[in-house]
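One letter stands for each residue in the lines below.
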Amino acid sequence: MRESMGKESRHNLEESCLENQGQKSPKRIPWNWLLGVSLAALGGLAALALGSGWFSSGESSLAPHLKAEQWRVPIQGFQDGKARHFHHKLADGTTVRFFLLRASDGTLRAALDACEVCWPQGKGYVQDGNQMVCRNCGRRFASDNIGLYRGGCNPHPLPFRLEGNELSIRLQELQEGARYFRLAGGQGA
């Protein structure tokens, strides 16, 4: 008898049996409604993640500009202690990468995103709390020491000057640091 009943009749029979036992039938949530809510939640989470910089490339949103053969950036954006990565493309096509940060001691620090040991891999550094970490070998460097030491896997120091509310780096310094970003054949990545 049960085999001859349609799907709707079976559902009604199950519902009436549950009601006779004093229980309510569990409400079924349509799958398309669940799918819609799930997709909306994922979209909201993705928007939040992108807006918060969870998936950022590490490139800075500060607005640097060139003025009189100097690369300049406003310093007010460095109050949070986070490293900001920048790049500058030289006339020969080499892209020189560097980062700036305010160290835990309150001073501004600048370094090329390369070192004398690991530069051929082109991986640079990533910030982990109060340290910069080589993406190639994993060595860690306290933010207070960035720009003070050269050689080995230390981020190569990048000289700069503070001029009013701007940090300025001479383009000549970037040109001299280009050797860490030139691959075989002379062109940078």
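Below, the structure is looked at part by part.

Parameters and conventions
Residues numbered from 1 in each chain as written. Predicted model: local features only at pLDDT ≥ 70, side-chain atom pairs only at ≥ 80, totals over all residues. Heavy atoms only, no water. Pairing = 2+ DSSP bridges. Helix = DSSP H or I, 4+ residues; strand = E, 2+ residues; numbered from the N terminus. Axes fitted to C-alpha atoms, helices over the stretch in contact; angles between N-to-C directions. Phe/Tyr/Trp six-rings, centres within 6.5 Å; stacked < 30°, edge-to-face > 60°. Buried < 20%, exposed > 50% of the residue type's maximum accessible area, 1.4 Å probe, protein only.

### Remarks on the sheet that holds strand β6 (residues 125-128)
- Here we have three strands laid out as an open sheet, ordered β6-β7-β8, and antiparallel in their pairing. Unpaired on one side and paired on the other, β6 and β8 (140-142) mark the two borders of the sheet. For this sheet, the mean angle separating the axes of adjacent strands, direction not counted, is 30°.
- Inspection of the sheet shows β6 paired to strand β7 (residues 131-134) by four bridges, in the antiparallel sense.

### Things to note about the sheet that holds strand β1 (residues 65-67)
- Ordered in space as β1-β2-β10-β9, the four strands form an open sheet in which the pairing is antiparallel. Pairing within the sheet leaves two strands with one partner each, and these edge strands are β1 and β9 (161-163). Between one strand and the next, the sheet's axes are offset by a mean angle of 35°, whatever the strand orientation.
- Where β9 and strand β10 (residues 166-170) come together, three bridges link them in antiparallel fashion. When the bridges of β10 are listed, Leu-162 appears paired with Leu-167.

### Quick look at the packing of aromatic side chains
- Counted under the stated rule, the structure contains six aromatic pairs.
- Between Phe-86 and Phe-98 the ring centres are 5.9 Å apart and the planes differ by 25°, which places this aromatic pair in the stacked class. Remark: Phe-98 occurs in strand β4 (residues 95-102) and Phe-86 occurs in strand β3 (residues 84-89); sequence separation between them is twelve residues. Note on accessibility: Phe-86 and Phe-98 belong to one class, buried.
- Centre to centre, the rings of Trp-119 and Tyr-180 are 6.5 Å apart; their planes meet at 80°, and the pair counts as edge-to-face. Separated by 61 residues along the polypeptide, Trp-119 in the loop between β5 (108-112) and β6 and Tyr-180 in the segment after α3 (171-177) bring together distant segments of the chain.
- Overall, the relative accessible area of 26% leaves Trp-119 in the partly exposed class.
- A relative accessible area of 4% places Tyr-180 in the buried class.
- An aromatic cluster is defined as three or more aromatic residues linked by ring pairs; in this entry it consists of Trp-71, Phe-86 and Phe-98.

### Some words on the pairing of β4
- The buried fraction of β4 is high, at eight of eight residues.
- Sheet topology note: the β3/β4 ladder contains six bridges and is antiparallel. Counterpart to Phe-86 in the pairing with β4 is Phe-98.
- Between β3 and β4, which pair antiparallel one after the other, the connecting turn spans five residues, and Gly-93 there sits at a positive phi close to 95°.

### Structural notes on the environment of Ala-103
- Among the structural elements, Ala-103 can be located in the loop between β4 and β5.
- Of the residues examined, Ala-103 reaches a relative accessible area of 5% and is grouped as buried.
- Taking the C-alpha atoms as reference, Ala-103 lies 9.5 Å from Asp-80; in sequence the two are 23 residues apart.

The analysis is restricted to geometry; functional conclusions fall outside its scope.
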